Amino acid sequence: MVRKLPAKDVVIVGLGWTGSIMAYELADAGLDVMAIERGPWRNTATDHPPGYAADELRYRIRHELFLRPEQTTFTFRNKMSQTALPIRTWGAFMPPNGVGGGGVHWNAETWRFLPTDFVLRTHLTQRYGAGFLPDDMTIQDWGVTYDDLEPHYDRFEYLCGTSGQAGNVKGQIVEGGNPFEGPRSRHYPNPPQDQPFGATLFAKAARDLGYKPFPQPSGNMSRAYQNPLGVRLGPCTFCGFCEWFGCGNYSKATPQTTILPVLLRKPNFAARDNSEVTRINLDASGKRATGVTFVDTGGNEWEQPADLVILSAYTIFNVQLLLLSGIGKPYDPVGNSGVIGRNFTHQTISDVVSFFDPAKFAFNPFIASGSIGMCIDEFNGDNFDHGPHGFVGGGYMGQVQTNGRPIETAPVPPGTPRWGAQWKKAVKENYQSALKPGTGVHGSMYSYRDVYVDLDPTYKDRFGRPLARMTIDFHDNELKQNAFLTDKFAEIFQAMGARQIVKEYRKGPYDVTKYQTTHLCGGAIMGTDPGTSALNRYLQSWDVPNLFVTGASAFPQNPGYNPTGTVAALAYWAADAIRNRYLKNPGQLINA
Amino acid sequence: MPWTPFPTSAPDFERPGPWQFFTTDEATAVEAIVDRIIPPDPDTPGGKDAGCAVFIDRQLKGPYGSAAGLYRLGPYTKGTKEQGPQSANTPAELYRKGLAGLDRYCKANNGGKGFTQLSAEQQDGVLKKIEAGEVKFDEVDAQGFFDALLKDVPEGFFSDPIHGGNKNMVGWSMIGFPGIRYDYRDWIHRHNERYPHPPVSIAGRADWTPHKS
Ligand SMILES: Cc1cc2nc3c(=O)[nH]c(=O)nc-3n(C[C@H](O)[C@H](O)[C@H](O)COP(=O)(O)OP(=O)(O)OC[C@H]3O[C@@H](n4cnc5c(N)ncnc54)[C@H](O)[C@@H]3O)c2cc1C
Ligand code: SF4
């Protein structure tokens, strides 16, 4: 029996980064807001106090803060001709679960995309001609521009207290920052974080090679900060347990340390944790959402009616819920029609591990934060001439080593046996003098006709609903891009004086067991044409106008940066459209 | 297992004591194996004295051993390497069957001697053959069993001592990892200067605990 709850103005599905932003903005506009979150409530003091937050086995190896695959998972295959099999334990990416979502255990590397990233197809076609792009590449313009989003990027960075060095303020290039970035209206709220030895050495070598290194923009505080909502964060202590972990110091920008304390005080905001939304309900016309159905841990089904539905469940869960709710036409790669599941992308990461003379180098790799590091942007987006290289896309690269936790980070030179006395000796010898950035080359992944999400014909979740099926593989364009970037990256470590360098190129096929990032993108993309996008430029569903879908599912392709700066800017942009336009006249904001 | 899945639980500390998962014979074999994977040397104890077998024992008894939280619905089909593990065996089953397979293999090929009765060189020889895929067990993939050991033993050597391994933080001391000190603001600027302070565990340090007599 489904029990019906009193109607709300707004129901929010998933209280992660964008759910928190939307909840705050809409509650602030005076609406009655209910958020429904699949995972548990999480707080710094109770969930990751410094006394035991730094447990590598519990949090990194056993994935304590993440979704349990038994609750729901995906099936995966490389090619349409294969049978997809379930991801039984997480590998290539790690889906968040619980209040704060990925914000709790992210690194907080807080980037903006390049202005050209938003008009990608137009830009590349103008510069290189339409024939330069592979036939099956389905990249699109976003329908929104960098200039549209600039104020919203700014808001997120000031919310988070992002620590960084501007490279372009109102068109003025600033020494020490990223000269390729789009113009920003003002400096970062906080100066960049201090850098450890490895990153400093990298920056020097990069400068000697003629590049313009700059500190990675970081949501780990370089000093104490009070944000515009009045919430305070403490300085980061470089604990080295950041990515995958909650911060025990209130030093990492998360929904808990920036928004939730203020949101929770609002009488018109309520939330339910441990409750999984199973469906967005539609009225008989199929053109209007009436609310959502969710299931609590006791297995009880509830209906939450609402006038406005915000779907903010993270990329692939957004797509899955749209498919299961029958909203929008499912994508068909054969007929090249439909939109839900289309333009699904992930990332093209590779690394260079370098070994230095132990007698001369001690890096103390455990002195690190989630977003520490020095980067260069010469090989990102279209910052360089792709003409001679025969591929498009790129990424930032840097010495961004976030930890020296010994289970994960104990590199040994190639040729070392995997066990025994020689292995033990090599671990001991190289621990202090090796560098392993992790996501050293942070490459883009552009979209293709045969990379998509649909529903699996065989495997089911615990409610008997079909799992979402990912069909994804690397294409030549991305593999070429990665080989080029990885070689460039390795030259810098060579110049730093490494005595041995190991290039870990990204090779095909896409492997679901190898962690890259949790930057899944696409599947419910934004655009200007309802025939090729699920959402309009305000993240509003073309099919169901009282539904807005936030998150990287809206990205038509994945540029060479971490997504959350843009994910959050888009959420503020959509919230602004709802507050200032939609509420005055609820309905479709764009006449297609 | 030192925590109840899902949050808001402070960890329990694993204590020495009787085996919780392994039989006595299995435990003896595992102690011998972990000492070949991480052999003792004059500076640092090996896997056995570091508690790696205790660590694995406690892990197998807990949620890891039963594959708690993982997706366990069928059909189970062998896929490509890229599609990841598709075995219906839990880690506990893998160890139980793998150790039985190892015992049978050793006895059949060494005149009735089990793994623990072989010399260190012979033990290394057996493990190398398994690693190279030259040995078949009846019930489980021998190579897969060895891969699990290569993951679990270093985890025992390097995880926080509260989990039963890394006894006295010997793994951390070997490499100079300071454990959960959590605050390095005083050292971020001291480039190329080795961090001097000894490690701290979630359970503190022995020398921070007063003598009782
Ligand atoms: C280990 C890790 C490191 C990362 N580091 C970075 C980084 O450095 N920089 C960066 O830019 N990005 C990073 N990311 C990505 C970042 O976390 C995401 O981009 C961001 O959290 C996305 O925000 P979101 O609101 O779309 O989704 P989330 O923050 O993931 O929130 C979605 C929420 O919805 C809930 N939910 C899902 N399904 C349902 C349902 N059916 N019913 C109810 N609730 C549901 C989830 O439990 C979750 O809490 C990282 C991610 C991970 C996992
Ligand atoms: S590195 Fe800094 S921000 Fe990250 S968890 Fe540690 S103290 Fe917090």
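This is a predicted model, so every value here is computed, not measured.

Student: How should I be thinking about the site of ligand 2 in this particular structure?
Tutor: Taken together, the residues surrounding ligand 2 are Asn220, Cys236, Thr237, Cys239, Phe241, Cys242, Cys247, Asn249, Ser251, Lys252, Ala368 and Ser369 of chain A. Among the residues forming the shell around ligand 2, the class breakdown is six nonpolar, five polar and one charged.

Student: Explain the site of ligand 1 here, please?
Tutor: Residue and element names in this part refer to chain A. Near ligand 1 you find 37 residues, and of these Thr18, Glu37, Gly98, Glu109 and Thr564 are the closest. For ligand 1, an oxygen atom lies 3.1 Å from a polar atom in the backbone of Trp17. Asn97 places a side-chain nitrogen or oxygen 3.4 Å from an oxygen atom of ligand 1. Considered on its own, ligand 1 offers 990 Å² of accessible surface; in the complex 98% of this is hidden by protein. Mapped by element, the contributors of at least two residues to the shell around ligand 1 are α1 (17-28), β12 (275-282) and α9 (315-325). Ranked by residue count, the leading element in the shell around ligand 1 is β12, at three residues.

Student: It is not clear to me how helix α2 (residues 52-61) of chain B should be interpreted in this structure. Could you clarify?
Tutor: Every α-helix winds through 3.6 residues per turn, so residues three or four apart in the chain are directed the same way. The element α2 of chain B is largely enclosed, with a buried count of eight among its ten residues. Those residues of α2 of chain B lying buried are Cys52, Ala53, Phe55, Ile56, Asp57, Arg58, Gln59 and Leu60 of chain B. Contacts from the buried residues of α2 of chain B go to α3 (56-61) of chain A together with α1 (24-37), α3 (91-109) and α5 (142-158) of chain B.

Student: Please explain the layout of surface pockets as it appears in this structure.
Tutor: To find leftover empty space, one rolls a probe the size of a water molecule over the atoms. Residue and element names in this part refer to chain B. The volume enclosed by the second largest pocket comes to roughly 720 Å³. Glu14, Pro16, Pro161, Lys167 and Asn168 are the residues nearest the centre of the second largest pocket, which is lined by 29 residues in total. Taken together, the residues of the lining of the second largest pocket sort by class into eleven nonpolar, nine polar and nine charged.

Student: Explain the interface of chain A and chain B to me, please; I cannot follow it from the model alone.
Tutor: By a frequent convention, interface size equals the accessible area lost on bringing the separate parts together. At the interface, 78 residues of chain A touch 77 residues of chain B. Buried surface at the junction of chain A and chain B, both sides included, amounts to about 6,400 Å², of which 62% is carbon and sulfur. Looking at the side of chain A facing chain B, the largest losses of area belong to Arg88, Trp419 and Lys424 of chain A, adding up to 15% of the total buried there. Summed over the shared surface of chain A and chain B, the number is six salt bridges. Close ionic contact of Arg62 of chain A with Glu155 of chain B constitutes a salt bridge, the shortest N to O distance being 3.5 Å. At the junction of chain A and chain B, the tally comes to 31 residue pairs in polar contact (both at pLDDT 80 or more). Within the residue set of the side of chain A that touches chain B, elements represented by two or more residues are α2 (44-47), α3, β4 (74-77), β5 (85-86), α6 (197-208), α10 (421-430) and β21 (452-460) of chain A. Here the side of chain A that touches chain B is composed, by residue class, of 39 nonpolar, 20 polar and 19 charged.

Student: Help me understand the packing of helix α5 (residues 146-160) of chain A against helix α12 (residues 564-582) of chain A, please; the structure alone is not making it clear to me.
Tutor: Packed helices, taken two at a time, are described by the angle their axes make and the gap between the axes. Residue and element names in this part refer to chain A. As a packed pair, α5 and α12 sit with axes 8 Å apart at the nearest point and diverge in direction by 110°. Viewed along their axes, α5 and α12 adopt a mutual orientation that is roughly perpendicular. As α5 runs across α12, the sense of the crossing is right-handed. Between α5 and α12, the contacting residues are Asp148, Leu149, His152, Tyr153, Arg155, Phe156 and Leu159 on the first element and Thr564, Gly565, Thr566, Ala568, Ala569, Leu570, Tyr572, Trp573 and Asp576 on the second.

Student: In this structure, what is going on with the environment of Gly328 of chain A? I would like to understand it.
Tutor: In this fold, Gly328 of chain A is placed in the loop between α9 and β15 (342-345). Each C-alpha atom of the pair Gly328 of chain A and Leu114 of chain A lies 30 Å from the other, and the pair is 214 residues apart in sequence.

Student: Before we go on, may I ask you to explain the sheet that holds strand β22 (residues 466-471) of chain A in this structure?
Tutor: Read across the sheet, four strands follow the order β5-β4-β22-β21 (chain A) without closing on themselves; strand pairing throughout is mixed. Of all the strands in the sheet, the pair left with one neighbour each is β5 and β21 of chain A.

Student: Can you walk me through the pattern of salt bridges in this structure?
Tutor: All names here are of chain A. The tally for this structure, following the rule as stated, stands at 44 salt bridges over all chains. Between Arg579 and Asp28 there is a salt bridge, and its shortest N-O distance comes to 3.2 Å. Taken together, the residues span a long stretch of sequence, with Arg579 in helix α12 and Asp28 in helix α1 at a distance of 551 residues. Relative accessible area serves as the criterion here: at 36%, Asp28 is assigned to the partly exposed category. Here Asp307 makes a salt bridge to Arg288, at a shortest N to O gap of 3.7 Å. Remark: Arg288 occurs in the loop between β12 and β13 (289-296) and Asp307 occurs in strand β14 (residues 301-311); sequence separation between them is 19 residues. We classify Arg288 as partly exposed; its relative accessible area is 36%.

Calculation notes
Every chain is numbered independently, its residues counted from 1 as its sequence is written. To label them, take the chains in the order written and letter them from A, then take the ligands in the order written and number them from 1. This being a predicted model, a pLDDT of at least 70 is required before a residue's local features are given, and a value of 80 or more before pairs of side-chain atoms are given or counted; all residues contribute to the totals for chains, interfaces and linings. As a rule here, side-chain values come from all non-hydrogen atoms in the structure, and water together with hydrogens is ignored. Throughout, near means a residue has at least one heavy atom within 4 Å of the molecule or strand. Following the grouping adopted for this structure description, the nonpolar residues are Ala, Val, Leu, Ile, Met, Phe, Trp, Tyr, Cys and Pro, the charged ones are Asp, Glu, Lys and Arg, and the polar ones are all others, Gly among them. Any pair of N or O atoms that falls within 3.5 Å is considered a polar contact. Within protein, one atom must be able to donate a hydrogen and the other to accept it, and sequence-neighbouring residues count only if both atoms are side-chain atoms. Note on areas: these come from Shrake-Rupley sampling with a 1.4 Å probe, and a residue is covered only by the protein chains present in the view. Strands here mean DSSP runs of E at least two residues long; helices mean DSSP runs of H or I at least four residues long; both are numbered from the N terminus. Relative accessibility decides the category of a residue: with a 1.4 Å probe and only protein chains considered, values under 20% of the type maximum give buried, values over 50% give exposed, and everything between is partly exposed. Contacts: residue pairs with any heavy atoms within 4.5 Å of one another. Points on a 1 Å grid, built from protein atoms alone, make a cavity when a 1.4 Å probe fits but cannot get out and make a pocket when they are open with protein on both sides within 12 Å along at least 5 of 7 lines; residues with an atom within 4 Å of a point are the lining residues. Grid points are joined across faces, edges and corners, and a volume is the space filled by probe spheres set on the points. Buried area: the sum, over both parts, of the accessible surface (1.4 Å probe) that disappears when the two are put together. Think of a salt bridge as a Lys or Arg side-chain nitrogen and an Asp or Glu carboxyl oxygen that are within 4 Å of each other. Every angle, taken between N-to-C directions, lies between 0 and 180 degrees, and every axis is a line fitted to C-alpha atoms, over only the stretch in contact when it is a helix. In these notes the angle categories are as follows: under 35 degrees is roughly parallel, over 145 is roughly antiparallel, 65 to 115 is roughly perpendicular, and the rest is oblique. A clockwise turn of the near helix away from the far one marks a right-handed crossing, whereas an anticlockwise turn of less than a right angle marks a left-handed crossing. Here, strands pair whenever DSSP counts at least two bridges between them.

These results come straight from atomic positions and should not be treated as a statement about function.
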